[in-house]
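Architecture at a glance
In case you want the letters, here they are:
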Amino acid sequence: MTEPDDAAGGQSRSRPAAAPRVRMTAAQRREQLIAIGRELFAERGFDATSVEEVAARAKVSKPMVYEHFGGKEGLYAVVVDREVRALLDRITAALTAGHPRELLEQAALALLGYIEEEPHGFRVLARESPALAPAGTFSSVMNDVAHQVEHILGAEFLARDLDPKLAELYSQALVGMVALVGQWWREARKPDKETVAAHLVNLAWNGLSHLEAKPTLLTRRS
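Right, let's walk through the structure included here. Since the model is a prediction, treat every value here as computed from it, not as a measurement. (Residues numbered from 1 in each chain as written. Predicted model: local features only at pLDDT ≥ 70, side-chain atom pairs only at ≥ 80, totals over all residues. Heavy atoms only, no water.)

1. Examining the side chain of lysine 193
Mapped onto the elements of the fold, lysine 193 is located in helix 9 (residues 193–206). Under the relative-accessibility criterion, lysine 193 is labelled buried at 16%. Discounting residues that sit within four places of it in the chain, lysine 193 has contacts with Leu109, Leu112, Gly113, Glu116 and Trp185. (Helix = DSSP H or I, 4+ residues; strand = E, 2+ residues; numbered from the N terminus. Buried < 20%, exposed > 50% of the residue type's maximum accessible area, 1.4 Å probe, protein only. Contact = heavy atoms within 4.5 Å.)

2. A closer look at the packing of aromatic side chains
One pass over the structure, following the stated rule, counts 5 aromatic pairs. Geometrically, the ring pair formed by phenylalanine 41 and phenylalanine 46 is stacked, given 6.2 Å between the ring centres and 20° between the ring planes. The residues phenylalanine 41 and phenylalanine 46 share a single accessibility class, namely buried. Ring centres 5.0 Å apart and planes at 90° place the aromatic pair phenylalanine 41 and tyrosine 76 in the edge-to-face group. On the criterion of sequence distance, the pair formed by phenylalanine 41 in helix 1 (residues 26–44) and tyrosine 76 in helix 4 (residues 72–94) is long-range, its members being 35 residues apart. By relative accessible area, which is 1% here, phenylalanine 41 ends up buried. (Phe/Tyr/Trp six-rings, centres within 6.5 Å; stacked < 30°, edge-to-face > 60°.)

3. Details of the packing of helix 5 (residues 100–117) against helix 6 (residues 119–126)
A pair of packed helices can be characterised by two numbers: the angle between their axes and the separation between those axes. With their axes 5 Å apart at the nearest point, helix 5 and helix 6 run at an angle of 110° to one another. Judged on the interaxial angle alone, helix 6 and helix 5 are roughly perpendicular. Residues Tyr114, Ile115, Glu116 and Glu117 of helix 5 pack against Pro119, Gly121, Phe122 and Leu125 of helix 6. Here the residues of the contact of helix 5 with helix 6 sort into 5 nonpolar, 1 polar and 2 charged. (Axes fitted to C-alpha atoms, helices over the stretch in contact; angles between N-to-C directions. Parallel < 35°, antiparallel > 145°, perpendicular 65-115°, else oblique. Nonpolar A, V, L, I, M, F, W, Y, C, P; charged D, E, K, R; others polar.)

4. Examining the nonpolar core
Side chains of a nonpolar character, in soluble globular proteins, are inclined to be buried together. Counting residues in each nonpolar core, the largest one holds 53 residues, and the members touching the most others are Leu87, Leu125 and Met142. Here this core takes 9 residues from helix 4, the largest share from any one element. (Core = buried A, V, L, I, M, F, W, Y, C linked by side-chain atoms within 4.5 Å.)

5. Points about the pattern of salt bridges
Applying the stated rule across the entire model yields 14 salt bridges. The partner of glutamate 83 in a salt bridge is arginine 38, and the shortest N-O contact between them spans 2.6 Å. Here glutamate 83, found in helix 4, pairs with arginine 38, found in helix 1; they are 45 residues apart in sequence, far enough to count as distant. Residue classification places arginine 38 among the buried positions, given a relative accessible area of 18%. Here glutamate 117 makes a salt bridge to arginine 90, at a shortest N to O gap of 3.2 Å. A residue pair is termed long-range when its members are at least 10 positions apart, and glutamate 117 in helix 5 and arginine 90 in helix 4 qualify at 27 residues. Look at arginine 90 and you get partly exposed, because its relative accessible area is 26%. Counted as one network, the salt bridges with shared partners bring together Arg38, Glu83 and Glu118. (Salt bridge = Lys/Arg side-chain N within 4 Å of Asp/Glu carboxyl O.)

Okay, structure coming up:
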């Protein structure tokens, strides 16, 4: 069927053909659903997100979501597992310096960088996780990071004739401090992450009794 004749030229105009729908491979569809689930879990949390919403955003049927993940719980587990690995990989890769203070700086910058660059991922981890995914809670991720920091502190404690058994306590304190400030900075976004990291390290390294007035990062000095 054509449109009425054009008033100016007297010629009929055909409706433009609809663009063909591009079919996704199973792998592409799975990645699309993971990305959509990540956004929804970040925005609303696990309990407030439904399979219906995931399917609607992806423009697929609910059975498609169940086919790939078995349900909302399966999708959530995949999203959390990816974020946990991404954050831990980022922090592990950042720890390249030899000096303990620089290592602390690198760990703080890595976490703040993740918060800045992956806001959806951080919100997923920082939200209250359901009981079905205890390994995916933010505290459990930070605990893994603390274990890595513990090894660094243990060696430093030995070199300074301090009790290496206390390295675990100090690593939990340091990582917890950075993590809580990171959650605050996620919303505040002031000052910039380098300044936040510098002040965190200032407190951790110098203590309240020896705070520097204008701390800077060793890793940013040239």
